[in-house]
Amino acid sequence: MGEVLARYVDDKGAKIGAAGTLAYSVQALAPFWADLTCDAVKGSTCRLYERERAKPRTTTTTTKTGKTITRTLSASPSTVRRELGVLQAALNHAHSEGLLIHPIAVTLPEAGEPRDRWLTRKEVAALIWCAEPHVRRFIILSIYTGRRASAILELIWTRVDLDTGVIRFRAEGQAETNKRRGRIRAPRQLRGHLLRWKGYRGTHVVSFRGKPIASIKTGIRRAAERAGIEGVTPHVLKHTAITWAVMKGLSVEDAAEYFDTSPETIRKHYWHHSPHHQERALEIIERR
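Since we're looking at a predicted model, the values are computed, not measured.

Turning to the overall build of the protein chain, a few remarks are in order. From N to C terminus, the protein chain includes 13 helices and seven strands. Expressed as a percentage of the 288 residues in the protein chain, the buried residues total 38%. Counting every atom, the protein chain has about 17,600 Å² of accessible surface; 52% of that belongs to carbon and sulfur.

A few words on helix α8 (residues 188-197). Since the α-helix packs 3.6 residues into each turn, any two residues three or four apart lie on the same face. Of all the residues in α8, the buried ones are Leu190, His193, Leu194 and Trp197. Looking down the long axis of α8, one finds its buried residues gathered within 100° of arc, a one-sided arrangement. The exposed residues of α8 that point more than 90 degrees off its buried face are Arg188, Leu195 and Arg196. The inward-facing, buried residues of α8 abut α6 (133-145), β3 (160-161) and β4 (166-168).

Let us now look at the environment of Glu132. The residue Glu132 is located in the loop between α5 (121-130) and α6 in this model. On the basis of relative accessibility, which here comes to 26%, the residue Glu132 falls in the partly exposed class. Spatially, the C-alpha atom of Glu132 lies 7.5 Å from that of Ala223, the residues being 91 residues apart in sequence. Other than its neighbours up to four places away in sequence, Glu132 contacts Arg222 and Arg226.

Bringing helix α1 (residues 2-12) into the picture now. All of the buried residues along α1 are Val4, Leu5 and Tyr8. Axial view of α1: buried residues confined to an arc of 95°, hence all on one face. Opposite the buried face of α1, by more than 90 degrees, sit the exposed residues Glu3 and Asp10.

Time to look at unusual backbone geometry. Unlike most non-glycine residues, Asp260 shows phi in positive territory, near 50°. Mapped onto the elements of the fold, Asp260 is located in the loop between α11 (252-258) and α12 (263-269). Residue Asp260 is classed as buried on the basis of its relative accessible area of 15%. Backbone geometry places Gln278, a non-glycine residue, at a positive phi of 60°. When you line up the elements, Gln278 lands in the loop between α12 and α13 (279-285). Taking relative accessible area as the criterion, Gln278 reaches 55% and is therefore assigned exposed.

With that settled, the discussion passes to the pattern of salt bridges. Summed over the entire model, instances satisfying the criterion amount to nine salt bridges. The salt bridge partner of Glu123 is Arg117, with a shortest N-O separation of 3.5 Å. Taken together, the shared-partner salt bridges in this structure form one network comprising Arg7, Asp11 and Glu97.

In total, this model carries four aromatic pairs according to the counting rule given. Between the aromatic rings of Phe32 and Trp33, the centroid separation amounts to 4.9 Å while the plane-to-plane angle is 70°, which identifies the pairing as edge-to-face. Owing to a relative accessible area of 22%, Phe32 belongs among the partly exposed residues under this scheme. Centre to centre, the rings of Phe32 and Tyr49 are 5.3 Å apart; their planes meet at 65°, and the pair counts as edge-to-face. One end of the pair, Phe32, is in helix α2 (residues 19-33); the other, Tyr49, is in helix α3 (residues 43-54), with 17 residues separating them in the sequence. Judged by its relative accessible area of 1%, Tyr49 is buried. Linked through ring pairs, Phe32, Trp33 and Tyr49 together constitute an aromatic cluster. We note Arg121 situated over the ring of Trp244; from NZ or CZ to the ring centre the distance is 4.1 Å. One cation-aromatic arrangement involves Arg137 over Tyr200; the distance from NZ or CZ to the ring centre is 4.8 Å.

Thresholds, definitions, all that
- Residues numbered from 1 in each chain as written.
- Predicted model: local features only at pLDDT ≥ 70, side-chain atom pairs only at ≥ 80, totals over all residues.
- Heavy atoms only, no water.
- Helix = DSSP H or I, 4+ residues; strand = E, 2+ residues; numbered from the N terminus.
- Buried < 20%, exposed > 50% of the residue type's maximum accessible area, 1.4 Å probe, protein only.
- Areas by Shrake-Rupley, 256 points an atom, 1.4 Å probe, with all protein chains shown as cover.
- Arc of directions from axis to C-beta.
- Contact = heavy atoms within 4.5 Å.
- Salt bridge = Lys/Arg side-chain N within 4 Å of Asp/Glu carboxyl O.
- Phe/Tyr/Trp six-rings, centres within 6.5 Å; stacked < 30°, edge-to-face > 60°.
- Lys NZ or Arg CZ within 6 Å of the ring centre and 35° of its normal.

Structural data, given as structure tokens:
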């Protein structure tokens, strides 16, 4: 399995948009799976891996100031499911390359119900107030565009047209994936922010000391801790953006187009927040 994972990273790593996520997943998979042969991949071993990853483990890190931080962590079912999805992709690739005679199926944990966590306007204001400048930019872009963290962190100024207000989150020639990016017309509030930020150095819209940022998770966590807000992640900011828009009355079709998200996803995860949710049904049922 170690050879299968290594081959997958070598062949596909550079072509995958979320290369960092792939690296983290392989790092988590390798200690358990690397020395096993491929025929060991079955339901029982997948469930054993899930139990092993669920065990609390202690990590210690040292900051630049010399402060030691100790945390106790355990992998959530959604994290394990994502990691085993990478294992499945690696096995599928090995089979397509002729390294495996027969396809091998990975048993995935049950997908849990998504958390309906979104922030209030008061919480977002507190978060922005407590954030460092580069994190503040990220939060504002997230709230106005509803894009994934990777799309925002990779956004460069050459894809921002300040005259027309169009932002292109996907580079010319870049293949679209299921993690859709697309383009938007920036709201006037965001255009105002962009005009002010343009004078700062750096090729990327969100940068730290003029350099691109690989991950914003730590900055978001620190801002949330200062603000005393729990459950804040980059994805929660994206979720908040779409939720607010739907709450204001944005239709499924308009929300799907603006946020470059499928109508099915809007209906499943956000439409219950709309003032028009079940409106027609309620009108008919309430008729005398």
